[in-house]
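# Structural characterization, general
Each chain, written out:
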Amino acid sequence: MGLRELRETAEALVAPGKGILAADESGGTIKKRFDSIGVESTEDNRRDYREMLFRAEGAADHISGVILFDETIRQTAADGTPLVELLEKQGVIPGIKVDAGAKPLAFSEGETVTEGLDGLRERLAEYRDLGARFAKWRATYSIDTASKGGRRPTAECLDVNAHALARYAALCQEAGIVPIVEPEVLMDGDHTIDESFAVTTRVLAEVFRQLRAQQVAFEGMLLKPNMVLSGYECATQASVEEVAEHTVRCFRLTVPAAVPGIVFLSGGQSDELATAHLDAINRLGPHPWQVSFSYGRALQAPALKAWGGQVDQVAAGQAAYLKRARLNSAAREGSYTEAMEAAS
Ligand code: 13P
């Protein structure tokens, strides 16, 4: 599989006006989401919910690809059509989460290392046969406020996670699958935006050092990072403009221009704030890479609520999803305004 196909897929995923829907919640996470609306997490309910999103007409105008969970890539719609086929018919590219989750890192209280490399070559071959053209692997890093003597993330956490991300990315490219490399610095805590900036910069520098060392082709991958924010419990919250400035500066220092796109995760921001931040970041452009979204919660939260597990609320759920997709598509071009929130 050549670099050309990888590059074309990566570029299609960040085509103008388009971004990615992350619908790859693991069993535990989707249960949490369903608990919040009082719906039981059964296989059929998970299928119904995701089928609702994938059938939303017009989504392909704003959504280039969808990240699926292992169960979903094998699932069929209520009428027997494979869910992957629903996406392909709309012109949406199917992707797959391939990591096995973040597990406690030995000798490092409060830190994790993401597992899932064993047997990955074989799993990637199967996923490609099932239709996946891109994949995702998420590493997480927590900040333990340096100003108070904390030492997280540790050098060993940075090292092992970057090493695993690069091993994953190389295996993906070998299999003709575009790797989305997702190092997520968690924003839980009272750290300042400057501490976020320092940690995110260190994390990304190590990730790209390992990617280069393991011969990953930057042109055939995408980066899915956190934005540089104030910790959610920080007394002083940075403004939208400050977030945009810190975020752009961090990525200009660390992300090679050969990477076709940066697709942000929302990471627990409200849906409207995630849109406003993406817009402000794009207004500081032009950037060397496309700057778009790969949101989970920030695209789905209103849709999940509107649906509420009710068959007669499918249209309402789809409308709520399409609205967030449309507004994030505008933000991805730097043309979002708050007034757009009022329109349905
Ligand atoms: P959020 O946008 O909800 O953070 O989810 C994105 C994602 O894929 C996390 O791995």
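Structure report, in brief. Computed from a predicted structure; not experimentally measured.

### Here's the deal with the overall build of the chain
Regarding its fold elements, the chain presents twelve helices and ten strands. At 19 Å, the chain has a C-alpha radius of gyration in line with the 20 Å of a compact globule built from 344 residues. Across its three principal axes, the chain shows a C-alpha extent of roughly 55 × 45 × 40 Å. Sequence-distant contacts, at least 24 apart, represent 78% of the contacts inside the chain between residues at least 6 apart. Surface accessibility of the chain: about 14100 Å² in total, with carbon and sulfur atoms responsible for 50%. In the chain, 37 side chains carry a positive charge and 49 a negative one; their mean positions are 2 Å apart.

### Quick word on the packing of helix H10 (residues 271–283) against helix H12 (residues 314–331)
Where H10 meets H12, the closest approach of the two axes is 8 Å, and the angle between their N-to-C directions is 20°. In this view, H10 runs roughly parallel relative to H12, as classed from their interaxial angle. For the pair H10 and H12, contact is made by Asp271, Glu272, Thr275, Leu278, Asp279 and Asn282 and by Arg324, Leu327, Asn328, Ala330 and Ala331, respectively.

### Structural notes on the nonpolar core
Judged by nonpolar contacts, the single largest core of 99 residues is most densely connected at Phe54, Tyr168 and Leu211. No other element matches the ten residues that helix H7 (residues 155–174) contributes to this core. Those residues within four positions of leucine 211 in sequence are excluded, and the remaining contacts are Leu165, Ala166, Ala169, Val181, Val216, Phe218 and Met221. Of all hydrophobic cores here, the second largest spans 13 residues; its members include Ala10, Leu13, Ala22 and Ile180.

### A word on helix H3 (residues 43–54)
The terminal C-alpha atoms of H3 lie 16 Å apart, and with twelve residues this matches the ideal 16 Å at 1.5 Å per residue to within 8%. Listed as buried for H3 are Arg46, Arg47, Tyr49, Arg50, Glu51, Met52, Leu53 and Phe54.

### As for the sheet that holds strand S2 (residues 63–68)
The strand order around the closed barrel formed by eight strands is S1-S2-S3-S6-S7-S8-S9-S10, and the pairing between neighbours is parallel. Bridge count for strand S9 (residues 261–264) against strand S10 (residues 290–295) is four bridges, and the pairing is parallel. Across the sheet, glycine 261 pairs through a bridge with glutamine 290, a residue of S10.

### Digging into the site of the ligand
What surrounds the ligand is a group of 13 residues, the closest being Lys136, Lys224, Ser266, Gly267 and Arg297. With respect to the ligand, the side chain of lysine 224 contributes an N or O atom lying 2.7 Å from an oxygen atom. Taken by itself the ligand offers 300 Å² of open surface, and the protein chains cover 91% of this. Of all the secondary structure elements, the ones that give two or more residues to the shell around the ligand are strand S6 (134–141) and S10.

### Structural notes on the pattern of salt bridges
With the rule as written, the count across this model stands at 26 salt bridges. The residue arginine 50 makes a salt bridge to glutamate 25 at a minimum N-O spacing of 3.0 Å. Taken together, the positions of arginine 50 in helix H3 and glutamate 25 in the loop between strand S1 (19–22) and helix H2 (27–35) put the pair 25 residues apart, joining distant regions of the chain. By relative accessible area, which is 10% here, glutamate 25 ends up buried. Connected through salt bridges with shared partners, the residues Asp24, Lys97, Lys136, Arg138, Glu182 and Glu184 form a single ionic network.

### Some details on the packing of aromatic side chains
Tallied over the full model, the rule gives seven aromatic pairs. Look at phenylalanine 34 and tryptophan 307: their rings are 5.8 Å apart centre to centre, the planes differ by 50°, and that puts the pair in the tilted class. Linking phenylalanine 34 in helix H2 with tryptophan 307 in helix H11 (residues 297–307), this pair joins segments that are 273 residues apart in sequence. Here phenylalanine 34 matches tryptophan 307 in class, with each residue buried. Here phenylalanine 293 and tyrosine 295 contribute two aromatic rings whose centre-to-centre distance is 5.7 Å and whose plane-to-plane angle is 40°, an arrangement assigned as tilted. As far as burial versus exposure is concerned, phenylalanine 293 and tyrosine 295 are alike and both buried. Here the aromatic cluster, defined as three or more aromatic residues joined through ring pairs, consists of Phe34, Tyr49 and Trp307.

About the criteria used
Residues numbered from 1 in each chain as written. Predicted model: local features only at pLDDT ≥ 70, side-chain atom pairs only at ≥ 80, totals over all residues. Heavy atoms only, no water. Helix = DSSP H or I, 4+ residues; strand = E, 2+ residues; numbered from the N terminus. Rg over C-alpha atoms; globule rule 2.2 N^0.38 Å. Contact = heavy atoms within 4.5 Å. Areas by Shrake-Rupley, 256 points an atom, 1.4 Å probe, with all protein chains shown as cover. Lys, Arg positive; Asp, Glu negative; His and termini not counted. Charge placed at Lys NZ, Arg CZ, Asp CG, Glu CD. Axes fitted to C-alpha atoms, helices over the stretch in contact; angles between N-to-C directions. Parallel < 35°, antiparallel > 145°, perpendicular 65-115°, else oblique. Core = buried A, V, L, I, M, F, W, Y, C linked by side-chain atoms within 4.5 Å. Buried < 20%, exposed > 50% of the residue type's maximum accessible area, 1.4 Å probe, protein only. Expected span 1.5 Å × (residues − 1). Pairing = 2+ DSSP bridges. Near = heavy atom within 4 Å. Polar contact = N/O pair within 3.5 Å; in protein donor to acceptor, adjacent residues only side chain to side chain. Salt bridge = Lys/Arg side-chain N within 4 Å of Asp/Glu carboxyl O. Phe/Tyr/Trp six-rings, centres within 6.5 Å; stacked < 30°, edge-to-face > 60°.

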